[in-house]
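# Summary of structural features
Below are the chains, spelled out letter by letter.
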Amino acid sequence: MDIASISAAISAVSGTTKLIGSVIDGRDSVKLNELKIAMNDHLLQLSTAALAINEKLIATQKENGELQEEISKLREQIADQSHYQLHTFPTGTHAFKDSRMEPTDRDVYFCAACMAEGKKAILQPQGLVLKCPKLHPDILISIPTPLPAQIIRKNRF
Ligand SMILES: [Zn+2]
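None of these values were measured; they are calculated from a predicted model. (Residues numbered from 1 in each chain as written. Predicted model: local features only at pLDDT ≥ 70, side-chain atom pairs only at ≥ 80, totals over all residues.)

The next subject is the pairing of strand E1 (residues 84–88). Judged by how many residues are buried, E1 sits mostly at the surface: zero of five residues are covered. The pairing of E1 with strand E2 (residues 94–98) spans five bridges and is classified as antiparallel. Its bridge partner being in E2, Tyr 84 is matched across the sheet by Asp 98. Between E1 and E2, which pair antiparallel one after the other, the connecting turn spans five residues, and Gly 92 there sits at a positive phi close to 90°. (Buried ≥ 20, exposed ≤ 12 C-beta atoms within 10 Å, placed from the backbone. Helix = DSSP H or I, 4+ residues; strand = E, 2+ residues; numbered from the N terminus. Pairing = 2+ DSSP bridges.)

Structural data, given as structure tokens:
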């Protein structure tokens, strides 16, 4: 039942109440009982409509609470991500660094792909690449230099 139906039921109750007043004035007990039944029917319709609206209100309040929680998490995530700056390696690849950390010989980098997913993963150095623990593609941080033996073999031709 919607608001229009509730308004119609309220109008019906109001009209029935006026009729009851005129019947009471005339002291017609049969008509009074008919009106009493009609009034109870209208009140039942109103109660049913009120229950349906209350259920919708509860569902809406629950959904609102969930959305507020999600907004709060996203705001925290945005505030946290503002502390990270994108770093570009000489190879043109990227990773994030925590701007709050002091520069050291062993800088800590975070996976940009994980950050895009709202997660944080510390990249692990392994040779010339940084590896994501969530298995995103390796990040090449420096260009490999050929080994002297490769240079020698190459120059034999
Ligand atoms: Zn990753």
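Let us now look at the domain arrangement of the protein. Here the protein is partitioned into domain 1 (3–79) and domain 2 (83–140). Inter-centroid distance (C-alpha atoms) of domain 1 to domain 2 is 58 Å. (Domains from an automatic or database assignment.)

One non-glycine residue with positive phi stands out, namely Leu 135, at about 70°. With respect to the element layout, Leu 135 can be found in the loop between strand E5 (129–131) and strand E6 (139–140).

Glancing now at helix H1 (residues 3–26). Under the 1.5 Å per step criterion, the end-to-end length of H1 is 35 Å for 24 residues, consistent within 8% with the ideal 34 Å. Backbone geometry just after H1 places Arg 27 at a positive phi near 55°. (Expected span 1.5 Å × (residues − 1).)

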